[in-house]
Amino acid sequence: MTDETRIDELVADLRRGPLAVRRAATAELGASGAVAVEPLIAAMLDGDNDLRWYAARALVQIGEVAIVPLLAAMRAGENRDFRRYAMAALAGIGEAAVEPLIDIIECADPALQPFAAMALMKIGEPAVEPLLRLMQSPDPKTQERAALLLCRMGETGAEPLTGALEADRSGKR
């Protein structure tokens, strides 16, 4: 069996298999690496939310190589459910996804910004410094978006936000 054939079989298992089969397929797809990224994204685009959930879990296991293709698919389509699960996968990938998500916040992409904000809040601590950096932007709207995200992160972002604002007031920054 070729890798492509096996990937197709595993994606089919995600679509219709019983729970144990879906879990095993998720694990195997996650261990397959980059070769499984596009088939998983394609399945997420045309599947139901159960399939999206399993595919997103596999993409999290695959990790960093899934970031660019996920963002490209999010930009290309308008399926809100797909975008929601794709951002959940990006949040699960974690720190490696921070800078691409920060870019979305900085350019204020109206279609993706709410999803990027959600992912950054879930990622937490690794997103704090890049958001503080955005607060130094010459664009007041970018500063506002960064401050709002830090505030919404709760303790993780509020303390650094307060420190940055105090430093700005005293002219230290």
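Up top you'll find the structure we're talking about.
Residues numbered from 1 in each chain as written. Predicted model: local features only at pLDDT ≥ 70, side-chain atom pairs only at ≥ 80, totals over all residues. Heavy atoms only, no water.

Chemist: If you had to explain the nonpolar core to someone new, which residues and values would you point to?
Modeler: Generally speaking, soluble globular proteins have nonpolar side chains that are buried together. Formed by 59 residues in total, the largest nonpolar core has its most connected members in Leu40, Leu59, Met87, Leu90 and Leu101. Every residue in contact with Leu101, bar those within four places of it in the chain, is listed here: Met87, Leu90, Ala116, Ala119, Leu120 and Ile123. (Core = buried A, V, L, I, M, F, W, Y, C linked by side-chain atoms within 4.5 Å. Buried < 20%, exposed > 50% of the residue type's maximum accessible area, 1.4 Å probe, protein only. Contact = heavy atoms within 4.5 Å.)

Chemist: So what's going on with the packing of helix H1 (residues 3-16) against helix H3 (residues 37-46)? Residues and values would help.
Modeler: The N-to-C vectors of H1 and H3 enclose an angle of 30 degrees; their axes lie 10 Å apart at closest approach. Accordingly, the angle class assigned to the pair H1 and H3 is roughly parallel. Every pair of crossing elements has a handedness; the one defined by H1 and H3 is right-handed. Of the residues in H3, those in contact with Ile7, Val11, Leu14 and Arg15 of H1 are Pro39, Leu40, Ala43 and Asp46. Classifying every residue of the contact of H1 with H3 gives 6 nonpolar, no polar and 2 charged. (Axes fitted to C-alpha atoms, helices over the stretch in contact; angles between N-to-C directions. Helix = DSSP H or I, 4+ residues; strand = E, 2+ residues; numbered from the N terminus. Parallel < 35°, antiparallel > 145°, perpendicular 65-115°, else oblique. Left-handed = near helix turned anticlockwise from the far one by under 90°. Nonpolar A, V, L, I, M, F, W, Y, C, P; charged D, E, K, R; others polar.)

Chemist: Tell me about the packing of aromatic side chains, and name the residues and values.
Modeler: This model, assessed by the stated rule, comprises 1 aromatic pair. Residues Trp53 and Tyr54 carry aromatic rings whose centres are separated by 4.9 Å and whose planes lie at 85 degrees to one another, so their mutual orientation is edge-to-face. On the accessibility criterion, Tyr54 (9% relative accessible area) is buried. (Phe/Tyr/Trp six-rings, centres within 6.5 Å; stacked < 30°, edge-to-face > 60°.)

Chemist: With reference to specific residues and values, describe the pattern of salt bridges.
Modeler: The final tally for this structure, using the stated rule, is 6 salt bridges. The residue Asp13 makes a salt bridge to Arg16 at a minimum N-O spacing of 3.9 Å. Within this pair, Asp13 and its partner Arg16 are both found in helix H1, separated by 3 residues, close to a single helical turn. The class for Asp13 is partly exposed, based on a relative accessible area of 22%. The partner of Arg84 in a salt bridge is Asp81, with the nearest N and O atoms 3.3 Å apart. One end of the pair is Arg84 and the other is Asp81, both in helix H6 (residues 80-93) and 3 residues apart, which spans about a single turn. (Salt bridge = Lys/Arg side-chain N within 4 Å of Asp/Glu carboxyl O.)

Chemist: Run through helix H10 (residues 140-152), naming residues and quoting values.
Modeler: Taking 1.5 Å as the rise per residue, H10 with 13 residues should run 18 Å; its terminal C-alpha atoms sit 18 Å apart, in good agreement. Inspection of H10 places Thr142, Arg145, Ala146, Ala147, Leu149 and Leu150 among the buried residues, and these make up the whole buried set. Backbone geometry just downstream of H10 places Gly154 in the positive-phi region, at approximately 75 degrees. (Expected span 1.5 Å × (residues − 1).)

Chemist: Give a detailed account of the environment of Leu59, specifying residues and quantitative values.
Modeler: Along the chain, Leu59 turns up in helix H4 (residues 49-62). Each C-alpha atom of the pair Leu59 and Glu38 lies 9.9 Å from the other, and the pair is 21 residues apart in sequence. Residues in contact with Leu59, not counting those within four places in the same chain, are Val37, Leu40, Ile41, Met44, Ala66, Leu70, Ala89 and Ile93.

Chemist: Let's hear about helix H5 (residues 67-76): which residues, and what values?
Modeler: All buried positions along H5 are accounted for by Ile67, Pro69, Leu70, Leu71, Ala73 and Met74. Its buried side turned inward, H5 meets H3, H4, H6, helix H7 (98-107) and helix H8 (113-123).

Chemist: So what's going on with the side chain of Arg83? Residues and values would help.
Modeler: Tracing the backbone shows Arg83 in helix H6. Glu78 provides the closest opposite charge to the buried, unpaired Arg83, separated from it by 6.0 Å. With residues up to four places along the chain from it excluded, the contact list for Arg83 reads Met74, Arg75, Gly77, Glu78, Ala111, Leu112 and Phe115. (Lys, Arg positive; Asp, Glu negative; His and termini not counted.)

Chemist: Tell me about the environment of Gln113, and name the residues and values.
Modeler: Its place among the elements puts Gln113 in helix H8. The sequence separation of Gln113 and Thr5 amounts to 108 residues, and the corresponding C-alpha distance is 36 Å.

Chemist: Describe the environment of Ala56, listing the residues and the values that go with them.
Modeler: Structurally, the position occupied by Ala56 is in helix H4. With relative accessibility at 5%, the residue Ala56 sits in the buried group. In the structure, Ala56 is positioned 26 residues away from Phe82 in sequence and 9.7 Å away in space, judged by C-alpha atoms. Beyond its immediate chain neighbours, meaning those up to four positions away, Ala56 contacts Met44, Tyr85 and Ala89.

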